[in-house]
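# Breakdown of the fold
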Amino acid sequence: MQMSKTTKLVLVLGAFLLSMYFLYPTYQLSTMSAEQIEQLELNNKKEFLALKSKTINLGLDLQGGMHVVLEVDIPELFKQLAKRPEPELIQTLEETAKEVEQTDENFINVLVNKLEQKKLTLVRFYGTREMRTEEEVVAFLKEQTEEAINRALEVLTNRVDEFGVSEPIIQKQGDNRIIVELAGVSDPSRVRQLIGKTAKLEFRLLKDPEIYLRVAEKINKFIQSKIIPLDTLEEESAEVSEDDTTTSLEKIFGKQDTAAQKTSAIDSNTIFEQNLFFLHPRDRQRILVPAEKEGKFKKVLALPEVQKIIAEEAGDAEFLWSARPEAGDQYYEVYLVYKRPELTGETIIDALERPGSLNDPQSIGKFEVAFTLNDEGTRIFSRVTGANINKRLAIILDKKVFLAPEIRTKIKDGQSRITGLDTMEEAKDVAIVLRAGALPAPVKIIEERTVGPSLGQDSISQGSSSGMYGMILVVIFMIIYYRLSGALADFALALNVVFIMAIMAYFNATLTLPGIAGIILTIGMAVDANVLIFERIREELARGKTIRNAIDQGYANAFSAIIDANVTTFIAGVVLYTFGTGPIKGFALTMMIGIAASMFTAIIVTRVVFDFVTDKWTIHKLSI
């Protein structure tokens, strides 16, 4: 059943008016200055997001942004998975990582070979009652690696979605890499922090003050033994009183005797020197390290002798650093905490950024993130806080201590907070990563490219110019070859481009350089249908048929050929979109939209015009 002329006319007018409506938000946003856009986003974010959701987005190659290749840290993942992370395993993992970096071989295969060369087995480090053979352990490690990549992909997608980037591209590459493309990003350093942060939240108890004092004294004695003669050190240590709770740096860790320092054989490049650290005068569970000596003290803590002191005096413990320096950025705080966390961030169900509490003097002028635990987390948190009243619990994010408050009462509501953040932006980013979840293993950026807005603008100009030149050539050819009918086809061509852009705006699609190429391709395809129709009309006119009858037969005879050509091309577009990635998808999408629009304009729009002209006037000779 064919549509009536009135129905076709209403359909064309309705499609045109609807297209104008869909394109108006894009026009409105494109005519606003950068300052107006920023002001709208600040003052009325809801309105800005509503407007942005109805516009055509520009891809990374057109508006600038970031292209980042991330690599999941497989050695660190395997360390976490090991039941017995012995030094031999850690050393072999490091050797494997170096070799894989040079050869790009499979990590597990190289690891197995290196362990065999050392007459070691995976079962020794990863074996359990359920996994007793090498094959079972290899299968387990492969499964965990695949799961870690997929989980990292999911977490990064959640983070980027909450960050608010339009049409991000996040996809897996190879065995352990992830590609992230973010268009329109104006703060690359913030994005780096957001996607690179592991976001592993832990609650760990601090060791008792007595243990702090013993560990601090022995570490200091070790440091001093590298600087001054041992007999002098023992004389000074004998003067220390453990009962003096306000013992200062000079009393515990050696007097700052200028003469002694001058006579000591101190190499300027050594990590050992006086006053690398000292106990906080009012808090015996905090070690203070001068900011300028942070690097040296970290190297001291990593020494085997110091690690042995920690193991002997504190057992299952480690030193963790504060998230940022304190006291005007003069000192870092270092905490001695249990290695085993009492609770992790996997139980978080919500996190909200907000200004610091006015009831807390240390939070005034700062920002914080309040988070809520699920039922399981609430139950564990209640048990831990109830069993450790008057002890201190550190809130740790990515091995950095943000807060270490004293537990004064049992916390039953499953709520806590991370305080001391400098900006609301930082608090927002912490809340995002907590809500999205922690990465299963650290990721590192191995490649980063930033496309500037000016380069994107050049791409837009060049792409628009090429499209315009192509369209002008087509228009001229059609007018010369088909005269007024060619001008009608050119009108349909312009309308075709309008419809393509309107459909993209409706779906909030992203326009890329390959997408522009797809539009240019459809310009040629759009007139192809009209060429078929016009040639069939010419044939009917040559047979002596009337203009009206020739038009009817021309459209009827060309219809099947138009359908066949466009449907087969559309199927190719579907295949490209389904199996392609990135630029291929952009090209396929615009091509498919263009095919649908070109069929509508060629079969419906031009026919409506022909019908209108032949009904309105008596035509003796068709300009075709």
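Residues numbered from 1 in each chain as written. Predicted model: local features only at pLDDT ≥ 70, side-chain atom pairs only at ≥ 80, totals over all residues. Heavy atoms only, no water.

### With respect to the overall build of the protein
What counts is decided by this rule: Runs of H or I in DSSP of at least four residues are treated as helices and runs of E of at least two as strands, each being numbered from the N terminus. Any two residues whose heavy atoms approach within 4.5 Å are treated as being in contact. For the area figures, the Shrake-Rupley method with a 1.4 Å probe applies, and any residue is considered shielded solely by the protein chains shown.
Along its length, the protein carries 22 helices and 17 strands. A fraction of 71% describes how many contacts in the protein between residues 6 or more apart in sequence connect residues 24 or more apart. In the structure as shown, the protein presents an accessible area of about 32900 Å², 55% of it carried by carbon and sulfur atoms.

### As for the sheet that holds strand β16 (residues 443-451)
Cut-off, in case you're wondering: Should DSSP find at least two bridges between two strands, the strands are taken to pair. Whenever a helix is involved, its axis is fitted only over the stretch in contact; in every case the axis is a line through C-alpha atoms, and angles between N-to-C directions fall within 0 to 180 degrees.
Pairing in this open sheet of four strands is antiparallel, and the strands run β3-β4-β2-β16 from one edge to the other. Edge strands, defined here as strands with exactly one partner in the open sheet, are β3 (169-173) and β16. In this sheet, adjacent strand axes meet at a mean angle of 15 degrees when their direction is disregarded. By the bridge criterion, five bridges tie β3 to strand β4 (residues 177-183) in an arrangement that is antiparallel. Residue pairing across strands places Q171 opposite I179, the latter belonging to β4.

### As for the confidence of the model for the protein
For clarity, the threshold we go by: Summary of the metric used: pLDDT quantifies the predictor's per-residue confidence within the range 0 to 100.
For the protein, the mean per-residue pLDDT works out to 82, and 89% of the residues sit at or above 70. For the stretch residues 236-269, pLDDT sits under 50, and the model shows 45 contacts to residues farther than four places along the chain or on other chains.

### Describing the pattern of salt bridges
Cut-off, in case you're wondering: A pairing counts as a salt bridge when a side-chain nitrogen of Lys or Arg comes within 4 Å of a carboxyl oxygen of Asp or Glu. Think of it in three bands: residues with accessible area under 20% of the maximum for their type are buried, residues over 50% are exposed, and the middle band is partly exposed, with areas taken using a 1.4 Å probe on protein chains only.
Enumeration according to the criterion identifies 33 salt bridges in this entry. Among the salt bridges present, the one from E202 reaches K200, with a minimum N-O distance of 3.9 Å. You can call K200 partly exposed: its relative accessible area is 38%. Across the pair R548 and D611 runs a salt bridge, and its minimum N-O distance is 3.0 Å. With R548 in helix α21 (residues 547-579) and D611 in helix α22 (residues 583-616), this pair connects stretches of sequence that are 63 residues apart. By relative accessible area, which is 25% here, R548 ends up partly exposed. One network of salt bridges, in which partners are shared, links K200, E202, R204, E318 and K399.

### A few points about helix α10 (residues 188-196)
Convention followed: For this quantity, the arc is that covered by the directions from the helix axis to the C-beta atoms.
Buried within α10 we find R190, V191, L194 and I195. Across the axial projection of α10, the buried residues extend over an arc of 120 degrees, all falling on one side.

### Here's the deal with the packing of aromatic side chains
Given two aromatic rings, their pairing is described by the distance between the two centres and the angle made by the two planes. Our working rule: Here the aromatic set is Phe, Tyr and Trp, taking the six-membered ring for Trp, and pairing holds for ring centres within 6.5 Å; pairs whose planes are under 30 degrees apart are stacked, those over 60 apart are edge-to-face, and all others are tilted.
In total, this model carries 18 aromatic pairs according to the counting rule given. Ring geometry for Y481 against Y482: centres 4.8 Å apart, planes inclined by 85 degrees, an arrangement best described as edge-to-face. By relative accessible area, which is 41% here, Y481 ends up partly exposed. Since its relative accessible area comes to 2%, Y482 is described here as buried. Taken together, F477, Y481, Y482, F534, Y555 and F610 form an aromatic cluster joined through their ring pairs.

### Focus: the sheet that holds strand β7 (residues 283-290)
In any sheet, the strands associate via hydrogen bonds between backbone groups, in a parallel or an antiparallel arrangement. The sheet built from eight strands is open, its strands ordered β6-β7-β9-β8-β14-β13-β5-β10 with mixed pairing. The strands lining the two open edges of the sheet, one partner per strand, are β6 (278-280) and β10 (343-344). As paired elements, strand β5 (residues 201-205) and strand β13 (residues 393-397) share five bridges and run antiparallel to each other. Bridged to E202 within β13 is I396. Of the strands in this sheet, β6, β7, β8 (317-322) and β9 (331-338) touch helix α11 (residues 209-225), which is tilted by about 35 degrees from β7.

### A look at the side chain of R607
Relative to the helices and strands, R607 resides in helix α22. Excluding its chain neighbours within four sequence positions, the residues that come into contact with R607 are K8, I551, D552 and Y555.

### With respect to the environment of A502
Structurally, A502 is set in helix α19 (residues 453-506). Accessibility expressed as a relative area gives 2% for A502, which makes it buried. A502 sits 481 residues away from Y21 along the chain, and the two C-alpha atoms are 8.3 Å apart. Those residues within four positions of A502 in sequence are excluded, and the remaining contacts are S19, F22 and L23.

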